[in-house]
Amino acid sequence: MEEKVIDETKQGQSLILEAKEGNTRKLFIESFGCAMNFSDSEIVASILANEGFNTTNNLEEADLVLVNTCSIRDKAEQTVRKRLEKYNAVKRINPRMKVGVLGCMAERLKEKFLEEEKIVDMVVGPDAYKDLPNLVREVDEGRDAVNVLLSKDETYGDISPVRIGTNGINALVSITRGCDNMCTFCVVPFTRGRERSRDPQSILKEVLDLAEKGYKEITLLGQNVDSYLWYGGGLKKDFKNATEMAQATSTNFAQLLEMVAQAFPKMRIRFSTSNPQDMTEDVFHVMAKYNNICNHVHLPFQSGSDRILKEMNRQHTAAEYLDLVNRMWEILPNTSISQDVIVGFPGETEEDHRATLKLLDEVKFIFGYMYKYSERPGTMAARKFEDDVPEETKKRRLTEIVDAQRSHSAYRTQQFIGKTTEVLIEKESKKNEDQWSGRNEQSIVVVFPKGNYKPGDFVNVKINACTSATLIGEAVGYSEYN
Ligand code: SAH
Ligand code: F3S
């Protein structure tokens, strides 16, 4: 339960796209961290496909190695440093190989990367991928290349990522980039810049393309999807006041969600991540209106203590969070909620920790991503507070939280026993090659004997047993979705 991704098995996996005829150079690109990084790597590979590069999963034969990095916690950065050591070893066999660092660590460390890690030839921040053709040319000519400019309007809306190397079933579609929230512990506003939304028409176009290629499920992605607002481009905060913002012809998240759900009734839709302070009831009503929007919300709460929440600069209290959850369950009783939480934020007392355990117990989340606070240089928390909770205490609190979450997950999965749930088959089960694995609407993994079904089918599965994270059952027929 550490780094958060849509599929944990993907961490550090290289991305493979269909080879483009005539391309002679080899690109090895791998990603760490959040779903947005995985989506960005598809954009990067698409840009470089037009520059003569085909992807490879063989590091030894690569002309260009790119690593898309995460800065969210120190541990994530250490993982990347280890990968750089590995590239260094390979470079001894293949001295032609060039190495580029992409993503949040590139943005955070900038030129310093070139000094700290001699292996690195190129440093590219998350808003500079369109400059890659120039940067690659620089590197080819023997110079180091750096572009870490953050942008006010880049959304890569005009680049339709090629995704042929994926499973052909689930796709990520980014709708916003950056974040304006400035949670005091978080490095994202510094590494991904200000929040901007993508043109709804370009989103619809991308989903159409995915539907035509046979994709069955999309996840609309953003650091904070509920604050999506399109009014023609640029930054949301350029408005002088709320009236001016309200008067502009705009599309908000609930409207975007409805547009996508209505236009693609056979496409299953998810979205992530929701921030309690921006999530509004109109989103719940849209979810209730369209069957193809999954009844699952990822709603980080970070802490159950109002004092800590305030110091984190989260714009809600524990009671407001619970009100939102209860309102959602009134409108959408079958919705599952997952969480992110941080233990050991500076100054966190036993009482604060107990408040977190209490909130966990009140909601009983379906699953969660649980983290020990990791001080990030340059953030408000690093500047203002001492990282004073001892490592041992952080560890113990994390264990208590993980144990509580595990029992809540078990409680939630047990509710499905004896019921039938709709599953989109994604792949073979890791534990049993005679079984399929997929997820239901609530984002719970379901495994069942293969029968004559195949990946991409929507199947009704009767649940007979469960573990805390997985439902086990048997297929009783295709669902109405096929
Ligand atoms: N809005 C984002 C949040 C990105 S960070 C999203 O789309 O998911 C993901 C999670 O990492 C946060 O919700 C938080 O729980 C955790 N996190 C962020 N900064 C952290 C830090 N400095 N130490 C520990 N955990 C952190
Ligand atoms: Fe980070 Fe808070 Fe934004 S966790 S990504 S600053 S919503």
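Residues numbered from 1 in each chain as written. Chains lettered and ligands numbered in written order. Predicted model: local features only at pLDDT ≥ 70, side-chain atom pairs only at ≥ 80, totals over all residues. Heavy atoms only, no water.

Caption draft 1: Structural detail: the packing of aromatic side chains. This structure, assessed with the given rule, holds 10 aromatic pairs. Ring centres of Tyr 129 and Tyr 156 lie 5.8 Å apart, and the angle between their planes is 20°; on these two criteria the pair is classed as stacked. Separated by 27 residues along the polypeptide, Tyr 129 in the loop between strand 5 (122-124) and helix 5 (132-140) and Tyr 156 in the loop between strand 6 (145-147) and strand 7 (170-174) bring together distant segments of the chain. Neither Tyr 129 nor Tyr 156 differs from the other in exposure class; each is buried. Where Phe 458 meets Tyr 481, the ring centres are 4.9 Å apart and the plane angle is 35°; that geometry is what we call tilted. Placement of Phe 458 in strand 20 (residues 458-466) and of Tyr 481 in the segment after strand 21 (470-478) is noted, with a sequence separation of 23 residues between them. The pair Phe 458 / Tyr 481 is uniform in exposure class, with both members buried. Members of the aromatic cluster, joined through ring pairs, are Phe 301, Tyr 321 and Phe 365. If you follow Lys 364 out to its NZ or CZ, it ends over the ring of Tyr 411, 5.9 Å from the centre. (Phe/Tyr/Trp six-rings, centres within 6.5 Å; stacked < 30°, edge-to-face > 60°. Helix = DSSP H or I, 4+ residues; strand = E, 2+ residues; numbered from the N terminus. Buried < 20%, exposed > 50% of the residue type's maximum accessible area, 1.4 Å probe, protein only. Lys NZ or Arg CZ within 6 Å of the ring centre and 35° of its normal.)

Caption draft 2: Quick look at the environment of Tyr 129. Using a relative accessible area of 0% as the deciding quantity, one classes Tyr 129 as buried. When neighbours within four sequence positions are excluded, Tyr 129 is seen to be in contact with Asp 40, Val 44, Ile 47, Asn 68, Leu 102, Gly 103, Val 124 and Tyr 156. (Contact = heavy atoms within 4.5 Å.)

Caption draft 3: Highlighting the nonpolar core. Counting 53 residues, the largest nonpolar core has Ile 218, Phe 253, Leu 257 and Phe 271 as its most contacted members. Considering every element that reaches this core, the biggest residue donor is helix 12 (residues 318-331), with seven residues. Residues in contact with Phe 271, not counting those within four places in the same chain, are Thr 219, Leu 220, Val 225, Phe 253, Leu 257, Met 279, Val 283, Met 287, Ile 293, His 296 and Val 297. Formed by 24 residues, the second largest nonpolar core is a distinct cluster that contains Ile 43, Leu 64, Val 124 and Tyr 156. (Core = buried A, V, L, I, M, F, W, Y, C linked by side-chain atoms within 4.5 Å.)

Caption draft 4: Molecular detail of the site of ligand 2. Residues in close proximity to ligand 2 include Cys 179, Asn 181, Met 182, Cys 183, Phe 185, Cys 186, Val 188, Pro 189, Gln 223, Asn 275 and Arg 314, which together make up its full environment. Grouping the constituent residues of the shell around ligand 2 by class yields seven nonpolar, three polar and one charged. (Near = heavy atom within 4 Å. Nonpolar A, V, L, I, M, F, W, Y, C, P; charged D, E, K, R; others polar.)

Caption draft 5: Examining the environment of Ala 263 more closely. Mapped onto the fold, Ala 263 is located in helix 9 (residues 253-263). A relative accessible area of 44% means that Ala 263 is categorised as partly exposed. Sequence separation of Ala 263 and Glu 217 is 46 residues, and the distance between their C-alpha atoms is 14 Å.

Caption draft 6: Summary view of helix 13 (residues 350-363). In this model helix 13 runs 20 Å from its N-terminal to its C-terminal C-alpha over 14 residues, within 8% of the 20 Å that 1.5 Å per residue would give. Every buried residue of helix 13 is listed here: Asp 352, His 353, Thr 356, Leu 359, Leu 360 and Val 363. The arc enclosing the buried residues of helix 13, seen along the axis, measures out at 115°, which places them on a common side. When the buried face of helix 13 is taken as reference, the exposed residues oriented beyond 90 degrees from it are Glu 351, Arg 354 and Lys 358. Looking at the buried side of helix 13, the elements it contacts are helix 11 (306-311), helix 12, strand 15 (336-343) and helix 15 (391-414). (Expected span 1.5 Å × (residues − 1). Arc of directions from axis to C-beta.)

Caption draft 7: Seen up close, the packing of helix 10 (residues 281-289) against helix 12. For the pair helix 10 and helix 12, the least separation of the axes is 10 Å and the interaxial angle reads 25°. In terms of orientation, helix 10 lies roughly parallel with respect to helix 12. In the crossing of helix 10 with helix 12, the sense of the turn from one axis to the other is right-handed. Note on element contacts: helix 12 touches helix 10 through Leu 324, Arg 327, Met 328 and Ile 331, opposite Glu 281, Phe 284, His 285 and Ala 288. Class assignment of the residues belonging to the contact of helix 10 with helix 12 gives a composition of five nonpolar, one polar and two charged. (Axes fitted to C-alpha atoms, helices over the stretch in contact; angles between N-to-C directions. Parallel < 35°, antiparallel > 145°, perpendicular 65-115°, else oblique. Left-handed = near helix turned anticlockwise from the far one by under 90°.)

Caption draft 8: Quick peek at the domain arrangement of the protein. According to the domain assignment, the protein consists of domain 1 (2-147) and domain 2 (420-478). Distance between the C-alpha centres of domain 1 and domain 2: 35 Å. (Domains from an automatic or database assignment.)

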